[in-house]
Amino acid sequence: MADTIIVRVQSPDGMKKIASTKRDTATAFLKKVAKEFGLNSEFSVYLNRNKTEELLSQNKTLSLLKIKHGDMLYLVPSGSPSTSGEVMDTATPHTSSSLPPVSTASSSSSSSMIPRSFSAPQVQEDEIDQYLSKQDGKIYRNKDPQLCHHGSLGKCVHCLPLEPFDEDYLNHLDPPVKHMSFHAYLRKLTGGADKGKFAALENLSCKIKSGCEGHPPWPEGICTKCQPSALTLNRQKYRHVDNIMFENHTIADRFLDFWRKTGSQRMGYLYGRFTEKKDIPLGIRAEVAAIYEPPQNASQNSLELVDDPKAAAVDEIAAKLGLTKVGWIFSDLLSEDTRIGTVRYTRNNDSHYLSAEECITAGYFQNLHSNPCRLSRDGHFGSKFVTVVATGGPDNQVHFEGYQVSNQCMALVRDECLLPCKDAPELGYAKESSSEHYVPDVFFKDKDKFGNDVTFLARPLPVEYLIIDITTTFPKDPQYTFSSTERFPIENRDIMGETQNFHSLATYLSQSTSTSFLEIVSDFHLLLFLVTNEVMPLRDSIGLLLDAVRTSDEDLAQTWKKSEQWATIEQLCSTVGGQPSSSQGYGAMGGPSPPASSSAMWSCLHCTFMNQPGTEHCEMCSLPHS
């Protein structure tokens, strides 16, 4: 019995223990390994993790090969890649960056592959993630004149660079940063002595695992293998987006105009780009360049979204303009004094910041726009999709507050485990299991009246455990992705008399005082109308103009202006006619705008159908001319 040893063999499929003896030859041991792992093809076994010193099939005993009881060997099946980023390879030195490089062909001193204990899919991460993964990220400090007693080339504990996740540094910023950035969190996971060997980002699941054959399906049976674990809610320590910035005040003012004129609330999608937030180590900023307002039914106290047939076209146009959907915005405003323009301060510590229903909606949107991530087995983890609320502030003025919900909230919403409370907007409710749907127990920790930490069942649940706040700002120097000074009507605002049709396009062109064609067409809502209108859609022929707007190329815009499509648009505008301007503006044909004629074709204000002159009712929708 003294000669019996146990040798551990690790493979990409897991680790197994092989019972053997010191007198067994290497050939006999390799046969035991093949039998234990069920391998019929060729494989290699190495003594070291970095695939050196292969154990060959020979007559030498394990004792002569210095293989002892408890040793770990490493099995690699035939055909497996042998690159520096393999599953069991940790020979790659850990440099200042912990994220994998964008391309395996390129290498630099500031980026390295993260060793992982699983085979992650090849994921195309966002550009900002690829950029930050190659940054140093360390917080460099100057030499302290009082505490540092070394030369100019030396370093000590008082001036050594700090890690981007250093909590003391983040707490002493002005204002303090409560949540570290997501990439700083990744550096924290992949740092230390193990170099991130065991780092993995797991998406939570509240569903019963499928494929368990040892018992009948739920509700007749369940076991520990297929049963999801109970969930204890914790406040998330990191956030995927660290700042939200509107490029200029005009974007927000135009969104608020709907509430100012109708008194009803409004919702819109934020289109922009993700950039680096330099004030926060490895931080990400969501820059908002435009707001698209989808079809919706709005009132003073509610919002209801309806199906949007133009959603795909809007995303396509935004992508060609270099923009992506970064979040959503909604208003919750109640006028206090119309004479001085103040609003009520309703969202505060005594009420709520986000209601449970809004958290569920935010979680739904975040699940739709998940964040590509190589460190996750599923290829995605969390989301960069943000939520902005236009509401009253402590000074009774309109404030914009930014939020996200935690990854735990995303999982609860995705698996339909979270409900809102009817009479308490600040409370959610974890569903109870039924015969159709199993819901794991959800808990949260709070202090009782004696100051002790007590675990409570999340029925009900304070939504503050699910919310992550994000600073929302406006720049000192306004930026303009769309430089048009005129205002083309915003889509889906027929209820307030703001209609997109060729009559409004003719009016827009006739009132424009700019001599630059690029500046005239550089309006997000105008470009959407040119692509999605039913009379003359330009979806297949507007690519050149979108490139001109994205690159601010006036020559490219002038080239597109000479196309047949724009000539047809000009002809339609001339037929419809626009409102006269006090000064000679840029008309539809490039000159003074022609006056409207009663004998000309007219566009229906309700459906934009072009009707023949002299008709009193629209031939398409049968509604009156005026």
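These numbers were taken from a predicted model, which means no experiment stands behind them.

Draft legend 1. Main features of the overall build of the chain. Helices and strands together make up the secondary structure of the chain, namely 14 helices and 27 strands. Within the chain, the proportion of its 626 residues that are buried is 45%. Across the chain, every contact between residues at least 6 apart in sequence was considered, and the portion connecting residues at least 24 apart equals 64%. Surface summary for the chain: the accessible area is close to 32,300 Å², and the carbon and sulfur share equals 50%.

Draft legend 2. Structural view of empty space enclosed by the protein. Throughout the structure, instances matching the rule amount to four cavities of 30 Å³ or more. In this model, the largest cavity occupies a volume close to 50 Å³. Lining the largest cavity are eleven residues, and of these E125, F182, H183, L186 and C373 sit closest to its centre. If you tally residues by element for the lining of the largest cavity, the top one is helix α4 (residues 182-189), at three residues. Taken together, the residues of the lining of the largest cavity break down into six nonpolar, two polar and three charged.

Draft legend 3. Main features of the environment of T262. Structurally, the position occupied by T262 is in helix α5 (residues 249-262). The spatial distance from the C-alpha of T262 to the C-alpha of A298 is 9.8 Å, given a sequence separation of 36 residues. Within the structure, the side chain of T262 is placed 2.6 Å from the backbone oxygen of F258, a separation counted as a polar contact. Polar side-chain contacts of T262 include one of 3.2 Å to the backbone nitrogen of S264.

Draft legend 4. A look at the confidence of the model for the chain. Looking at the chain, pLDDT values average 84 and 87% of them are 70 or higher. Counting contacts from residues 81-119, a segment whose pLDDT is below 50, to residues more than four positions away or on other chains yields 92 contacts. Residue range residues 579-599 is modelled with pLDDT below 50. Its contacts to residues more than four positions away, or to other chains, number 42 contacts.

Draft legend 5. Structural context of the packing of aromatic side chains. As enumerated under the stated definition, the model contains 21 aromatic pairs in all. On the numbers, 5.2 Å between centres and 55° between planes, the contact of F444 with Y465 is tilted. Taken together, the residues span a long stretch of sequence, with F444 in strand β22 (residues 442-447) and Y465 in the loop between β24 (461-462) and β25 (467-473) at a distance of 21 residues. Exposure class is identical for F444 and Y465. Each is buried. Look at F488 and Y508: their rings are 5.5 Å apart centre to centre, the planes differ by 90°, and that puts the pair in the edge-to-face class. Placement of F488 in the loop between β25 and α9 (502-511) and of Y508 in helix α9 is noted, with a sequence separation of 20 residues between them. An identical accessibility class is assigned to F488 and Y508; each is buried. The ring of Y269 is capped by K325, whose NZ or CZ atom sits 4.2 Å from the centre of that ring. K384 extends its terminal NZ or CZ atom over the ring of F274, reaching a point 5.8 Å from the ring centre.

Draft legend 6. Representation of the sheet that holds strand β1 (residues 4-11) in the model. Spatial ordering of the open sheet is given by β2-β1-β4-β3, a layout of four strands whose pairing is mixed. Unpaired on one side and paired on the other, β2 (14-21) and β3 (43-46) mark the two borders of the sheet. Sheet twist, expressed as the mean angle between neighbouring strand axes with direction ignored, is 30°. Bridge count between β1 and β2: eight bridges; the pairing is antiparallel. Bridge pairing in β2 links S11 to G14. Along the sheet face, helix α1 (residues 26-37) touches β1, β2, β3 and β4 (72-77) and points at about 140° away from the line of β2.

Draft legend 7. Structural context of the pairing of strand β23 (residues 453-457). Relative to β23, β22 is paired through five bridges, and the arrangement is antiparallel. Bridge pairing links K445 to T455 in β23.

Draft legend 8. Focus on the packing of α9 against helix α14 (residues 564-576). Where α9 meets α14, the axes come as close as 9 Å, and the angle between the chain directions of the two elements is 95°. With respect to α14, the axis of α9 lies roughly perpendicular. Taking contact as the criterion, the partners of F502, H503, L505, A506 and L509 in α9 are, on α14, W566, I569, L572, C573 and V576. When the residues that make up the contact of α9 with α14 are grouped by side-chain class, the tally is nine nonpolar, one polar and no charged.

Draft legend 9. Geometry of the sheet that holds strand β13 (residues 324-332). On the basis of which strands lie adjacent, the closed barrel formed by seven strands has the order β8-β10-β9-β13-β18-β19-β25 and mixed pairing. Across this sheet, the average inter-strand angle for adjacent strands is 35°, counted without regard to direction. Of the pairings in the sheet, the one linking strand β19 (residues 398-405) to β25 comprises four bridges and is antiparallel in character. Looking at β25, one finds that Y403 is bridged to D469.

Draft legend 10. The environment of P228, seen in detail. With respect to the secondary-structure elements, P228 resides in the loop between α4 and β6 (231-233). Separated by 213 residues in the primary sequence, P228 and D441 have C-alpha atoms spaced 9.2 Å apart.

Draft legend 11. Region of the structure containing the pattern of salt bridges. Enumeration according to the criterion identifies 26 salt bridges in this entry. Between D469 and K178 there is a salt bridge, and its shortest N-O distance comes to 3.2 Å. In this pair, D469 is assigned in strand β25 and K178 in the loop between α3 (167-171) and β5 (180-181), connecting sequence segments 291 residues apart. Relative accessible area serves as the criterion here: at 61%, K178 is assigned to the exposed category.

Draft legend 12. Examining α14 more closely. Between its first and last C-alpha atoms α14 spans 19 Å; for 13 residues at 1.5 Å apiece the expected length is 18 Å, and the two agree. Within the sequence span of α14, burial applies to W566, I569, E570, L572, C573 and V576. The buried residues of α14 all sit within an arc of 160° when viewed along its axis, so they share a single face. Those residues of α14 that are buried lie in contact with α9, α10 (517-521), α13 (554-561) and β27 (610-611).

Draft legend 13. Inspection of the side chain of N501 at higher detail. With respect to the element layout, N501 can be found in the loop between β25 and α9. According to the relative accessible area criterion, N501 is buried, its value standing at 3%. One polar contact links the side chain of N501 to the main-chain amide nitrogen of H503, over a distance of 3.1 Å. In this structure, N501 is in contact with F529, S603, C604, L605 and T608, ignoring residues within four places of it in sequence.

Draft legend 14. Fine view of the environment of K445. Along the chain, K445 falls in strand β22. Here K445 is in contact with V454, T455 and Y465, once residues within four sequence places are set aside.

Rules of the game
Residues numbered from 1 in each chain as written. Predicted model: local features only at pLDDT ≥ 70, side-chain atom pairs only at ≥ 80, totals over all residues. Heavy atoms only, no water. Helix = DSSP H or I, 4+ residues; strand = E, 2+ residues; numbered from the N terminus. Buried < 20%, exposed > 50% of the residue type's maximum accessible area, 1.4 Å probe, protein only. Contact = heavy atoms within 4.5 Å. Areas by Shrake-Rupley, 256 points an atom, 1.4 Å probe, with all protein chains shown as cover. 1 Å grid on protein atoms, 1.4 Å probe; cavity = no way out; pocket = protein on both sides within 12 Å on 5 of 7 lines; lining within 4 Å. Points joined across faces, edges and corners; volume = space filled by probe spheres on them. Nonpolar A, V, L, I, M, F, W, Y, C, P; charged D, E, K, R; others polar. Polar contact = N/O pair within 3.5 Å; in protein donor to acceptor, adjacent residues only side chain to side chain. pLDDT = per-residue confidence, 0-100. Phe/Tyr/Trp six-rings, centres within 6.5 Å; stacked < 30°, edge-to-face > 60°. Lys NZ or Arg CZ within 6 Å of the ring centre and 35° of its normal. Pairing = 2+ DSSP bridges. Axes fitted to C-alpha atoms, helices over the stretch in contact; angles between N-to-C directions. Parallel < 35°, antiparallel > 145°, perpendicular 65-115°, else oblique. Salt bridge = Lys/Arg side-chain N within 4 Å of Asp/Glu carboxyl O. Expected span 1.5 Å × (residues − 1). Arc of directions from axis to C-beta.

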